[in-house]
Amino acid sequence: MVPHACRKGSKLSASEEEYLEAIYREQSKAKQRVKVSELAQKLKVKDPSVVEMLSRLSDKGLVTRDRSGAALTDRGMDEAIRVVRRHKLAERLLCDVFGHELPGIHEHACEFEHVFDDELTEKIDELLKRPVTCPHGGIIPRSRGNSEQPSLEPLSDLGCGEWGTVATIPEEKEAVERLLALNILPGSKVMVTEKLPRGAIMLQCGKIQVALSRDIASKILVKRAAMRRVRRRAGRGWH
């Protein structure tokens, strides 16, 4: 069972849960305190709204904050893990049981994840045979010990000629539609062939070459292949 975070007083609102989830995701990526401006951009709200919410979460003992940003307390981390787990299991339910197509399941999961209580979450987890990852490749956390992706880095960090195996893709519908059309999904093997001056990245994916914006490439996490970089030989293409 996932440890039940201490909910003193009233139950957390859907908005408070969304903030905890956002802080958890950003904190997991950057390994540092999350700035107000980053949360505002992620949640599409104004900075004063973020400051007000962080104050409420701080009063409940779920976050700490200072001028450098906010971070989850141990209680806040436990609560955030519960929220993220529910969200990713909701995605799995939509995909595996209801047959929902991958684009859009993140947005639909956001709509009804907040109605899951701990008992229902456990039943869904058991029904799905305790999946390890969500449909986008992200780890489904059940405790602080299994909440991080191992040894992954952004696709945009690979150099020309370097291979990687896609571990996770971004969740937003437009990005998923783009990657699905290119067959870039968790488990796909890709090689960076060229980085163009304006930011686009050329990839070898199977037998075809495709172009991705650096923005999308930076949100795709890969496991770098343990092999030497392949270099272009003049007039001979790729080997």
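In what follows, the accompanying structure is described. Here, residues in each chain are numbered from 1, in the same order as that chain's written sequence. Two thresholds apply to this predicted model, a pLDDT of at least 70 for residue-level local features and 80 or more for giving and counting side-chain atom pairs, whereas whole-chain, interface and lining totals are computed over all residues. Water and hydrogen atoms were dropped before computing side-chain values, which therefore reflect all heavy atoms in the structure.

## A short note on the pairing of strand S2 (residues 69–72)
- Note on classification: 1.4 Å probe, protein chains only; a residue is buried when its accessible area is under 20% of the maximum for its type, exposed when over 50%, partly exposed between these limits. In this text, helices come from DSSP runs of H or I with a minimum length of four residues, and strands from runs of E with a minimum of two, each type numbered from the N-terminal end. Residues Gly69 and Ala71 of S2 are buried on one face, and the alternating residues Ala70 and Leu72, pointing to the opposite face, are buried as well.
- Sheet analysis places strand S1 (residues 63–66) next to S2, joined by four bridges and oriented antiparallel. Residue Arg65 lies in a different strand from S2, and its bridge partner there is Ala70.
- Two strands pair under a simple rule: DSSP has to find at least two bridges between them. Once S1 ends, the chain turns through two residues before running back antiparallel as S2.

## Overview of the nonpolar core
- The definition of a nonpolar core used throughout is a set of buried Ala, Val, Leu, Ile, Met, Phe, Trp, Tyr and Cys residues joined through side-chain atoms within 4.5 Å. Formed by 31 residues in total, the largest nonpolar core has its most connected members in Leu155, Val166, Leu179, Ile184, Leu203, Leu212 and Ile220.
- Counting residues per element, the ones that place at least two in this core are helix H4 (74–97), helix H5 (105–112), helix H7 (173–181), strand S5 (189–195), strand S6 (201–205), strand S7 (208–212) and helix H8 (214–219).
- Of all the elements, H4 adds the most residues to this core, at four residues.
- Residues within four places of Leu155 in sequence aside, it is in contact with Val190, Val192, Leu203, Leu212, Ala217, Ile220 and Val222. Any two residues whose heavy atoms approach within 4.5 Å at even a single point are treated as in contact.

## Concerning the pattern of salt bridges
- Salt bridges are defined by distance alone: a side-chain nitrogen of Lys or Arg within 4 Å of a carboxyl oxygen of Asp or Glu. For the structure on display, the rule yields 19 salt bridges.
- With a shortest N-O distance of 3.2 Å, Arg56 and Glu16 are connected by a salt bridge. With Arg56 in helix H3 (residues 47–59) and Glu16 in helix H1 (residues 14–30), this residue pair connects regions lying 40 residues apart in the sequence.
- Taking relative accessible area as the criterion, Glu16 reaches 3% and is therefore assigned buried.
- One salt bridge in this structure joins Asp125 and Arg130, with 2.8 Å as the shortest N-O distance.
- Members of the salt-bridge network, linked through shared partners, are Arg85, Glu122, Asp125, Arg130 and Arg142.

## Section: the pairing of S5
- Judged from the three bridges that link them, strand S4 (residues 163–168) and S5 form a sheet pairing that is antiparallel. Counterpart to Gly164 in the pairing with S5 is Val190.
- In this sheet, S6 lies alongside S5 in antiparallel orientation, the contact comprising five bridges. Looking across to S6, one finds that Met191 is bridged to Gln204.
- Here S5 folds back onto S6, and the loop between the two strands holds five residues, one of which, Gly199, carries a positive phi near 110°.

## Overview of the packing of H1 against helix H2 (residues 36–43)
- In this analysis an axis means a line fitted to C-alpha atoms, helices contributing only their contacting stretch, and an angle means the value between N-to-C directions, from 0 to 180 degrees. At a closest axis distance of 10 Å, the pairing of H1 and H2 adopts a crossing angle of 115°. In the packing of H1 onto H2, the handedness of the crossing is right-handed. From H1, Glu18, Tyr19, Ala22, Ile23 and Glu26 reach across to H2, where they touch Leu39, Lys42 and Leu43.
- Classification convention: Asp, Glu, Lys, Arg as charged; Ala, Val, Leu, Ile, Met, Phe, Trp, Tyr, Cys, Pro as nonpolar; all other residues, Gly among them, as polar. The class makeup of the residues in the contact of H1 with H2 is five nonpolar, no polar and three charged. Handedness of each helix crossing follows the sense of rotation of the near helix against the far helix: counterclockwise by less than a right angle gives left-handed, clockwise gives right-handed.

## Things to note about the environment of Ala22
- Its location among the elements puts Ala22 in helix H1.
- In this structure, the C-alpha to C-alpha distance between Ala22 and Val84, residues 62 residues apart in sequence, is 9.3 Å.
- In this structure, Ala22 is in contact with Leu39, Lys42 and Leu43, ignoring residues within four places of it in sequence.

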